[in-house]
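Given next are the chains, with one letter for each unit.
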Amino acid sequence: MRLRHIPGAEEKIAKSPYVIQDPSSEKGHWKERFGNDFPIEAEIGMGKGKFIMELARMHPARNYVGIERYPSVLLRGLEKREQIECSNIWFLCMDAKLLPEVFEKGELTTLYLNFSDPWPKDRHAKRRLTSPEFMKIYRQVLADGGTVEFKTDNQELFRYSLESIPAAGWEILSYTFDLHHSPLALGNVMTEYEAKFAGEGKAICKLVCR
């Protein structure tokens, strides 16, 4: 998918009060950043932020970090952030590969991966966010027993994930190829893509692993 660059996006993000400009300085200090001991959950590739901002609104006794590597996409999320009153969410503009530079082991309890780039070519498999390479990164920041929740409309990526995640030493707790007609739909919060694809009649896949 080709992303349209928004002129000045980087400058606006650099001035935003909702974005942490030096994420590495927060490592080991996230409880101080939020001012409480609530569990911290993060979404990798938050897009325009509908999903994670809705979670933050619904669960004031949890803390949230939205991570998006593309400034032009994050900027759209910041526009939404300005319209809500919420003190339990921060945003980072960075690559997921840098998670261990930003979070200590155990600082995160849950990671959400929603409609990630499928990187369909075999030579790009290491770039998939459910590859063994990325699962190894998540292990470095999640608490013991911490979980990863993954949603996608791409069945090939989902089948790959059902194999790659156990191969990386993780346990798949539950999964479905049709989220909206399964018990996992209980309490489900939809992303922008999910609402679009579901409206087109596409089945949504989801798995939870630890």
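One can find the structure itself at the top, above this paragraph.
Residues numbered from 1 in each chain as written. Predicted model: local features only at pLDDT ≥ 70, side-chain atom pairs only at ≥ 80, totals over all residues. Heavy atoms only, no water.

1. Quick notes on the overall build of the chain
- A count of helical and extended segments in the chain gives 8 helices and 7 strands.
- Computed over its C-alpha atoms, the radius of gyration of the chain comes to 16 Å, within 12% of the 17 Å expected for a compact globule of 210 residues.
- With respect to the principal axes defined by its C-alpha atoms, the chain has extents near 40 × 35 × 35 Å.
- Across the 210 residues in the chain, those meeting the buried criterion constitute 46%. (Helix = DSSP H or I, 4+ residues; strand = E, 2+ residues; numbered from the N terminus. Rg over C-alpha atoms; globule rule 2.2 N^0.38 Å. Buried < 20%, exposed > 50% of the residue type's maximum accessible area, 1.4 Å probe, protein only.)

2. Regarding the sheet that holds strand E5 (residues 142-152)
- If you trace the 7 strands from one edge of the open sheet to the other, you get E3-E2-E1-E4-E5-E7-E6, paired in mixed fashion. Across the chains shown, the open sheet's two edge strands, defined by having one partner strand only, are strand E3 (89-92) and strand E6 (172-176). The sheet shows a mean angle of 15° between the axes of neighbouring strands, taken without regard to direction.
- Taken together, the 4 bridges between E6 and strand E7 (residues 205-209) define a ladder with antiparallel strand orientation. Paired with Ile172 across the two strands is Cys209, which belongs to E7.
- The sheet strands contacting helix H7 (residues 155-167) are E5, E6 and E7, and the helix crosses E7 at an angle near 15°. (Pairing = 2+ DSSP bridges. Axes fitted to C-alpha atoms, helices over the stretch in contact; angles between N-to-C directions. Contact = heavy atoms within 4.5 Å.)

3. Some details on H7
- For H7, built from 13 residues, the straight-helix expectation of 18 Å at 1.5 Å per residue is met to within 8% by its first-to-last C-alpha distance of 18 Å.
- Its maximal kink placed at Ser161, H7 deviates by approximately 25°.
- Residues of H7 that are buried include every one of Leu157, Phe158, Ser161, Leu162, Ser164 and Ile165, and no others.
- In this fold, the buried residues of H7 make contact with helix H6 (132-139), E5, E6 and E7.
- Its side-chain oxygen placed 3.1 Å from the backbone nitrogen of Glu156, Asn154 serves as the N-cap of H7.
- Just beyond H7, the residue with positive phi is Gly169, at close to 95°. (Expected span 1.5 Å × (residues − 1). Bend = angle between axes of the 7 residues up to and from the residue. Polar contact = N/O pair within 3.5 Å; in protein donor to acceptor, adjacent residues only side chain to side chain.)

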